[in-house]
Amino acid sequence: MAYVATRGGERAIAQAERLYREGLGPVDRDRVTVIARSLPWLVDRVMGEASLYEPELAALALAQTGGDLYEAVLLLRAWRTTQPRLAIAQPVTQDRLFTLRRISAAFKDIPGGQILGPTLDYSHRILATGVLEDQPLSSAPVQKADHPAPPHHPSLAAWQKAQGLVADPPREQVAPDAIPDLTREPLLFPAPRAHRLQSLARADSGGVLALGYSAMRGYGNAHPTVNELRLAEAELRVRHPRGTVFSAGRVKISQAEVAAKNGGTRIRLGFAATLGWNEVKVISAATLDLNAAGATKGAPTEEEFFLYHTEPVEASGFCIHFKLPHYVTFQSSLDAMRDAKARSAVTTETGPHARYPHTSGDAGGASAPATLPDSVEQIGETAE
């Protein structure tokens, strides 16, 4: 392997970007429309991690980056910062969510009933290779239920609190515009619960899954059971400057509550929610929220650990920066190695065994002391 200096300027950078774009092909509205329609779960993931609900722009970010999730999230977050904040929506409670899927692994018969909704949980995972032979993958139309489920369902945790199964600590009512905002305030520790939940809502899905999975496998202090999982649409109700409250539309959201024994007579809950439909993320994030209390220092379930290490833009940016030139710092490391080698050679020559020369592979020949290369270019020559 050879280390060589990078040469070039604006022209080289422009050519590099052209090579990248050439591999993607033209990006037009048709491609964006196809992505938005055919990859809804991926679009939801990008919107959740970018903390911006705009399916068309999320699809555009995916098209522009060739499907690179970290670059797509970066583009969408950057665009988000350029937009004015017009209003703050009113809080949405669970019993006002337009619910399309609601299940519980802890209780079979829950108030309001369970709704299986859109899922592949009980289906076979088989690659549809027939599509490559002009056999489209399709399914029969959904049959309408004789008795449709109601659009709104009560909170399972509220029922559990009424049964005395879950502690209901006193909570101070906070105005919507007074809730801490992670996009405008730094993340400090111990983090306010609003910051923790906001950070988990826009955290990297893969990172949250990895750390949540570690807690599930025993590296946390509580084993989770899905208390309630919902895929729903939340209505955005905004107060007009004239005082009237109106609906600005709906956004898809996922939310999960996981439960664990509290060591006594109560159940402890962890919670998470995010924009878009992403069940794996909210279950894993709720598991981290559940295990944060009492986590040991440096454990994957410690709040500071999982909040810092699941931030997708900061983590990917820090990783990518190692590709950039580090010639000065690497050269300083070589200088330190040369100094250490020189001091070692002096110590050897002046020590008690200095009269015995180092021998080479030849029977009686003495070899010159080894030296390190004087420059980065010499490393390349040596490797070649």
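Up top is the structure.
Residues numbered from 1 in each chain as written. Predicted model: local features only at pLDDT ≥ 70, side-chain atom pairs only at ≥ 80, totals over all residues. Heavy atoms only, no water.

Trainee: Honestly, the pattern of salt bridges in this entry has me stumped. Any pointers?
Mentor: Side-chain pairs of opposite charge can arise where the charged atoms are in close proximity. Under the definition given, this model contains 18 salt bridges. Put simply, R45 and E49 hold a salt bridge, and the shortest N to O gap is 3.0 Å. With R45 and E49 both in helix 3 (residues 40–50) and 4 residues apart, the pair spans about one turn of that helix. Owing to a relative accessible area of 1%, E49 belongs among the buried residues under this scheme. K297 serves as the salt-bridge partner of E302, at 3.4 Å between the closest nitrogen and oxygen. Residue classification places K297 among the exposed residues on the basis of a relative accessible area of 69%. (Salt bridge = Lys/Arg side-chain N within 4 Å of Asp/Glu carboxyl O. Helix = DSSP H or I, 4+ residues; strand = E, 2+ residues; numbered from the N terminus. Buried < 20%, exposed > 50% of the residue type's maximum accessible area, 1.4 Å probe, protein only.)

Trainee: Looking at this model, I keep getting lost on the pairing of strand 3 (residues 245–261). Mind explaining?
Mentor: A regular strand places its side chains on the two faces of the sheet in alternate fashion. Strand direction decides the pairing type here: strand 2 (residues 225–239) and strand 3, joined by 13 bridges, are antiparallel. Within the sheet, the bridge partner assigned to R239 lies in strand 3 and is V245. Connecting strand 2 to the antiparallel partner strand 3 that follows it, the hairpin turn spans 5 residues, and G243 within it adopts a positive phi of roughly 110°. Direction of pairing for strand 3 relative to strand 4 (residues 267–275): antiparallel, over a ladder of 9 bridges. By the bridge assignment, A259 is partnered in strand 4 with L269. (Pairing = 2+ DSSP bridges.)

Trainee: Hey, could you run me through the layout of surface pockets in this one?
Mentor: In this approach a probe as big as a water molecule rolls over the atoms, and the regions it shows empty are the leftover space. Approximately 490 Å³ is the volume found for the second largest pocket. Among the elements that make up the lining of the second largest pocket, the one with the highest residue count is helix 3 (3 residues). When the residues that make up the lining of the second largest pocket are grouped by side-chain class, the tally is 6 nonpolar, 3 polar and 4 charged. (1 Å grid on protein atoms, 1.4 Å probe; cavity = no way out; pocket = protein on both sides within 12 Å on 5 of 7 lines; lining within 4 Å. Points joined across faces, edges and corners; volume = space filled by probe spheres on them. Nonpolar A, V, L, I, M, F, W, Y, C, P; charged D, E, K, R; others polar.)

Trainee: How should helix 7 (residues 193–201) be read in this particular structure?
Mentor: One turn of an α-helix holds 3.6 residues; hence residues three or four places apart share an orientation. All buried positions along helix 7 are accounted for by H195, R196, S199, L200 and A201. Along its buried surface, helix 7 packs onto helix 3, strand 4, helix 9 (279–292) and helix 10 (303–308). (Contact = heavy atoms within 4.5 Å.)

Trainee: Can you help me understand the environment of K161 in this one?
Mentor: Assignment of secondary structure puts K161 in helix 6 (residues 156–162). Considering only alpha carbons, one finds K161 and I267, 106 residues apart in sequence, at a separation of 9.4 Å.

Trainee: Mind showing me how you'd approach the nonpolar core here?
Mentor: A general tendency of soluble globular proteins is for nonpolar side chains to be buried together. In this structure, L200, L229, L288, F306 and L307 are the most contacted members of the largest nonpolar core, which totals 23 residues. Sorting elements by how many residues they give to this core places helix 9 first, with 6 residues. What L288 contacts, discounting residues up to four positions off in sequence, is L200, V208, L211, G212, P300, T301 and F306. Core analysis: the next-biggest nonpolar cluster, separate from the first, contains 16 residues, I35, M47, A63 and V73 among them. (Core = buried A, V, L, I, M, F, W, Y, C linked by side-chain atoms within 4.5 Å.)

Trainee: Looking at this structure, how should I read the sheet that holds strand 3?
Mentor: Sheet strands associate in pairs through backbone hydrogen bonding, adopting either a parallel or an antiparallel arrangement. Strand order across the open sheet formed by 4 strands is 1-2-3-4, with antiparallel pairing between neighbours. Strands with a single pairing partner mark the edges of an open sheet, and in this sheet they are strand 1 (98–103) and strand 4. Ignoring strand direction, the axes of neighbouring strands in this sheet form an average angle of 20°. Lying on the sheet, helix 9 is in contact with strand 1, strand 2, strand 3 and strand 4; it crosses strand 4 at an angle near 140°. (Axes fitted to C-alpha atoms, helices over the stretch in contact; angles between N-to-C directions.)

Trainee: Help me understand unusual backbone geometry, please; the structure alone is not making it clear to me.
Mentor: Trans is the common state for peptide bonds, and a negative phi is the common state for residues other than glycine. At the junction of F189 and P190, the peptide bond is cis and its omega measures out at -5° in the coordinates. Considering the arrangement of structural elements, one finds P190 in the loop between helix 6 and helix 7. Even without a glycine there, the phi angle at D134 is positive, about 65°. Relative to the assigned elements, D134 resides in the loop between strand 1 and helix 6.

Trainee: Could you clarify how one ought to interpret the packing of helix 3 against helix 4 (residues 55–64) in this entry?
Mentor: Packed helix pairs are specified by the crossing angle of their axes together with the interaxial distance, meaning the distance between the axes. Taken N-terminus to C-terminus, the directions of helix 3 and helix 4 make an angle of 100°; their axes are 9 Å apart at the nearest point. Classified by the interaxial angle, the pair formed by helix 3 and helix 4 is roughly perpendicular. In this structure, helix 3 uses L42, V43, V46 and M47 to contact helix 4, whose residues at the interface are P55, A58, A59 and L62. (Parallel < 35°, antiparallel > 145°, perpendicular 65-115°, else oblique.)

Trainee: It is not clear to me how the packing of aromatic side chains should be interpreted in this structure. Could you clarify?
Mentor: Each pair of aromatic rings is reported with the distance of its centres and the angle of its planes. Applying the stated criterion across every chain yields a total of 4 aromatic pairs. Between F107 and W159, the aromatic rings sit 5.7 Å apart at their centres with planes inclined by 90°, giving edge-to-face as the arrangement. Taken together, the residues F107 in the loop between strand 1 and helix 6 and W159 in helix 6 connect sequence positions 52 residues apart. Taking relative accessible area as the criterion, W159 reaches 28% and is therefore assigned partly exposed. Between F189 and Y308, the aromatic rings sit 5.0 Å apart at their centres with planes inclined by 65°, giving edge-to-face as the arrangement. (Phe/Tyr/Trp six-rings, centres within 6.5 Å; stacked < 30°, edge-to-face > 60°.)

Trainee: Explanation requested: the side chain of K252 in the structure shown.
Mentor: Locating K252 in the fold gives a position in strand 3. Its relative accessible area of 18% is what places K252 among the buried residues.

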